[in-house]
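# Observations on the model geometry
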Amino acid sequence: MGAHKWLDAARDVDGTGEYYALIAGKYIKASSGQTIPAYKPQEPEAVASLVQACSAAEIDAAFAAATAAQKKWRCVPLWKRGVILKNAAQYLRAAADEIAPVITAEVSKSIKAARDEVIRTVDLLEYTAEEAIRVLSVGEMVTSDAFPHNGRNKLSLVQRVPLGTITCIPPFNYPINLAGSKIGPALAAGNAAMVKPPSSGAASTASLCAAVHQALVDEFGPDSDILAVMSLVTGRGREIGDLLTTHPSAAATSFTGGSTGISVAKKAGMIPMQMELGGNDPAVVAEDADVALTVSQIVKGAFSYQGQRCTAVKVVFVVESLYDEVVAKVADKVAALTVGRPEDNSDIAAVISKSSADWIQSLFEDAVAKGGNAHAKTPWKRENNLIWPVVIENVSKDATITHEEQFGPILPFVKVASVDEAIELANSCKFGLQASVFTKGAERAIQIADRLEAGTVQINGAPSRGPDNFPFQGTKESGIGSQGVKYSLLAMTKIKSTVINLPEPSYSVA
Ligand SMILES: NC(=O)c1ccc[n+]([C@@H]2O[C@H](COP(=O)([O-])OP(=O)(O)OC[C@H]3O[C@@H](n4cnc5c(N)ncnc54)[C@H](O)[C@@H]3O)[C@@H](O)[C@H]2O)c1
């Protein structure tokens, strides 16, 4: 039993501790009688959480109830939807210390970073509630006399309306924040949210959903059918994923994850997609870079949360004149990072799974086979899923890690003859999420940024998804559409216009 009744209501506190699914506004155990375990990345034999293995029939039931609930929810006044989201944020804030260890156990994020993620999501929900009012309460009136051969006898009133039920699929690495960045705008805009959490991180996402559900219960009572406006459906992505993203009642999909998103987008019918996918964010270091700033941003950018961030620095291109100095100084800092348990707030803890650790190791071995080497101060070392941070120097332009996302604590350095060569290499990658450029010249920075194929370019800073009000998007295989509170509100609504036809042109006077 925890300190929060609403959080206890989301799981079987008297039994196995398994988390329930939330379907048609009620917590349920799956009719299959089966649960899905998620294991602790740091102790692969230990179960971190158990969630329900929902069936196709349960998902159909969730969609049917959500469709009906959304018709009522969209009529709840905009300000009141905002108040409910703010109330959910307050529940979340009060339980931050109880939820943080759940995140830590499931995805091996340090306790401090896990708590920060909860509070960031509180801020996100509150901001979303207010931004929705600013963005969605104001439309426009378009007059016909702007277009040739027309008088002012037609007035088009333009407003934004919700889409319906939005399938929300977050990844493991921010199971609360990236769930909140979908659920918040979806609900604020008058949609229903069909939430499918990642297998590792499901209990964390479930905790956020519990806060939102309780805020809905407070407003509408425990038996209201409007509670079905948010569902939590759990199961293996490969088993229920297609059902959720191709369901006839799904009006849009908001997905964050890896290349799975590409197949999700290809299979989906004619519905809007918000796709935030993988990246291989390059840092381009020019001859005139501020070395101390560059080094500290690269270390922070590449190794926070052991590199498991879509916006981690994933490859560094340094011009010859600075190469040795930058590599040596980065290696010094990386060698000083603490390695251990996330519960102890170590800088580096285990990566999410064995398959991820194996992938990282294969990239390291490929880089070495092609001429690279671990810097002497940061040798390769692995124990189960725990990988010590490594600076790989002399990495070949042809090494797989130069072009593919490692999602782990190893960082390749590639020596380039010029910034032009760095840009060419960066742009040859199939991804285009973010990129960083380090130079003291403001005009030069803009010119380099303009030439880099990326959704966002950071000048003299590490890549970053936040703050959450910024637009965030990828090009190429890094995604479709933009995220960020305002941009998600726009993505989760569509324009509807109503035309007033006047019998004869009318011109308004002051
Ligand atoms: N661009 C961004 O905003 C952003 C942010 C964070 C993470 N990421 C990316 O996410 C990846 C790491 O996260 P991950 O390992 O959880 O990604 P993933 O693609 O393996 O899984 C993402 C989500 O998709 C679900 N899923 C799996 N199969 C599915 C299917 N067939 N249909 C629908 N859903 C399905 C998973 O259960 C999970 O909830 C990295 O590539 C990282 O770069 C991107």
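Keep in mind that what you see is a predicted model, and the values were worked out from it rather than measured.

Reading the values: the criteria
Residues numbered from 1 in each chain as written. Predicted model: local features only at pLDDT ≥ 70, side-chain atom pairs only at ≥ 80, totals over all residues. Heavy atoms only, no water. Helix = DSSP H or I, 4+ residues; strand = E, 2+ residues; numbered from the N terminus. Rg over C-alpha atoms; globule rule 2.2 N^0.38 Å. Buried < 20%, exposed > 50% of the residue type's maximum accessible area, 1.4 Å probe, protein only. Contact = heavy atoms within 4.5 Å. Areas by Shrake-Rupley, 256 points an atom, 1.4 Å probe, with all protein chains shown as cover. Expected span 1.5 Å × (residues − 1). Near = heavy atom within 4 Å. Polar contact = N/O pair within 3.5 Å; in protein donor to acceptor, adjacent residues only side chain to side chain. Phe/Tyr/Trp six-rings, centres within 6.5 Å; stacked < 30°, edge-to-face > 60°. Lys NZ or Arg CZ within 6 Å of the ring centre and 35° of its normal. Domains from an automatic or database assignment. Buried area = accessible area lost by both parts, 1.4 Å probe. Nonpolar A, V, L, I, M, F, W, Y, C, P; charged D, E, K, R; others polar. Pairing = 2+ DSSP bridges. Axes fitted to C-alpha atoms, helices over the stretch in contact; angles between N-to-C directions. UniProt positions renumbered as here; feature names shortened; annotations may be inferred. Salt bridge = Lys/Arg side-chain N within 4 Å of Asp/Glu carboxyl O. Parallel < 35°, antiparallel > 145°, perpendicular 65-115°, else oblique. Left-handed = near helix turned anticlockwise from the far one by under 90°.

## Observations regarding the overall build of the protein chain
- Along the protein chain, the regular secondary structure elements total 15 helices and 26 strands.
- Here the C-alpha atoms of the protein chain give a radius of gyration of 24 Å, agreeing with the 24 Å that 2.2 N^0.38 yields for 510 residues.
- Taken along its principal axes, the extent of the C-alpha atoms in the protein chain is 75 × 70 × 40 Å.
- Per-residue burial over the protein chain gives 56% buried out of 510 residues.
- Considering only contacts in the protein chain between residues 6 or more positions apart, those separated by 24 or more positions represent 71%.
- Of the roughly 20300 Å² of accessible surface on the protein chain, a fraction of 54% belongs to carbon and sulfur atoms.

## Observations concerning helix α4 (residues 96-107)
- Between its first and last C-alpha, α4 extends 16 Å over 12 residues, near the 16 Å set by a 1.5 Å rise per residue.
- Most of α4 is tucked away: nine of the 12 residues are buried.
- Looking only at α4, the buried set comprises Ala96, Ile99, Ala100, Val102, Ile103, Thr104, Ala105, Glu106 and Val107.
- Those residues of α4 hidden inside the fold are in contact with α1 (5-8), β3 (35-39), β4 (47-52), α3 (78-94), α5 (111-136) and α7 (202-220).
- Ser108 lies just past α4 and shows a positive phi near 60°.

## Re the site of the ligand
- Near the ligand, the surroundings consist of 28 residues, among which Pro170, Gly258, Leu277, Cys310 and Glu405 are the closest.
- One of the backbone nitrogen or oxygen atoms of Gly258 is found 2.8 Å away from an oxygen atom of the ligand.
- One of the backbone nitrogen or oxygen atoms of Leu277 is found 2.8 Å away from a nitrogen atom of the ligand.
- Here the ligand, which alone exposes 860 Å², has 86% of that area covered by the protein.
- Counting residues per element, the shell around the ligand draws most heavily on helix α8 (residues 237-245), at four residues.

## Comments concerning the packing of aromatic side chains
- Tallied over the full model, the rule gives five aromatic pairs.
- Their ring planes at 45° and their centres at 6.3 Å tell us that Tyr20 and Tyr27 sit as a pair that is tilted.
- With a relative accessible area of 17%, Tyr20 lands in the buried category.
- Across from the ring centre of Tyr174, 5.8 Å away, lies the NZ or CZ of Arg120, which sits over that ring.

## Concerning the domain arrangement of the protein chain
- Taken domain by domain, the protein chain comprises domain 1 (18-277 + 478-495) and domain 2 (282-459).
- On a C-alpha basis, the centroid separation for the pair domain 1 and domain 2 is 32 Å.
- With 17 residues of domain 1 at the contact, the number on the domain 2 side is 21 residues.
- Regarding the contact of domain 1 and domain 2, the summed buried area is about 1600 Å², with carbon and sulfur atoms giving 57% of it.
- Counting every contact that joins domain 1 to domain 2 gives 12 residue pairs in polar contact (both at pLDDT 80 or more).
- Of all the secondary-structure elements, those providing two or more residues to the side of domain 1 that touches domain 2 are α4 and α5.
- Counting residues per element, the side of domain 1 that touches domain 2 draws most heavily on α4, at three residues.
- Here the side of domain 1 that touches domain 2 is composed, by residue class, of seven nonpolar, seven polar and three charged.

## With respect to the sheet that holds strand β26 (residues 493-501)
- Across the sheet, three strands lie side by side as β5-β6-β26; this open sheet has antiparallel pairing. Whereas interior strands pair on both sides, the edge strands pair on one side only; in this sheet they are β5 (140-143) and β26. When the angles between neighbouring strand axes are averaged without regard to direction, this sheet yields 30°.
- Alignment of strand β6 (residues 154-162) against β26, held across nine bridges, turns out to be antiparallel. For Pro162, the partnering residue across the bridge sits in β26 and is Thr493.

## Points about the side chain of Thr165
- Within the secondary structure, Thr165 is located in strand β7 (residues 165-169).
- In this view, Thr165 contacts Phe63, Ala66, Thr67, Ala192, Met194, Ser249, Ala250, Ala251 and Ala252; residues no more than four positions away in its chain are not counted.

## Examining the UniProt feature "active site" (unreviewed entry) in the protein chain
- In the numbering used here, UniProt assigns the feature "active site" (unreviewed entry) to Glu276.
- Classification of Glu276 by relative accessible area gives buried; the value is 1%.
- Glu276 has contacts with Phe255, Thr256, Gly257, Phe472, Gln473, Gly474, Ser478, Gly481, Ser482 and Gln483, leaving out every residue within four places of it along the chain.

## Comments concerning the pairing of β3
- On β3, burial follows the alternation: Ile36 and Ala38 on one face are buried, whereas Thr35, Pro37 and Tyr39 on the facing-out side are not.
- Note that β3 and β4 share five bridges and pair antiparallel. Bridge pairing in β4 places Tyr39 opposite Val47.

## Some remarks on the pattern of salt bridges
- Counted under the stated rule, the structure contains 30 salt bridges.
- Residues Asp225 and Lys72 are paired through a salt bridge, measuring 3.1 Å at the closest nitrogen-oxygen approach. One end of the pair, Asp225, is in the loop between α7 and β9 (230-232); the other, Lys72, is in helix α2 (residues 56-73), and 153 residues separate them in sequence.
- A relative accessible area of 47% places Asp225 in the partly exposed class.
- Among the ionic pairs, Glu126 bridges to Arg93, the shortest N-O distance being 3.6 Å. One end of the pair, Glu126, is in helix α5; the other, Arg93, is in helix α3, with 33 residues separating them in the sequence.
- When salt bridges that share partners are traced, they join Asp8, Arg11 and Glu98 into one network.

## Topic: the side chain of Ser181
- By secondary structure assignment, the location of Ser181 is in helix α6 (residues 177-188).
- Apart from residues no more than four positions distant in its own chain, Ser181 is found in contact with Leu124, Gln483 and Ser488.

## Overview of the packing of α5 against α6
- Between α5 and α6, whose axes approach to 9 Å, the crossing angle comes to 25°. As summarised for this structure, α5 and α6 are arranged roughly parallel, according to the angle between their axes. For the element pair α5 and α6, the recorded crossing hand is right-handed. Taken together, the residues of α6 that come into contact with α5 (itself represented by Glu117, Arg120, Thr121, Leu124, Leu125, Thr128, Ala132 and Leu136) are Asn177, Gly180, Ser181, Gly184, Pro185 and Ala188.
- The residue makeup of the contact of α5 with α6, split by class, is six nonpolar, six polar and two charged.

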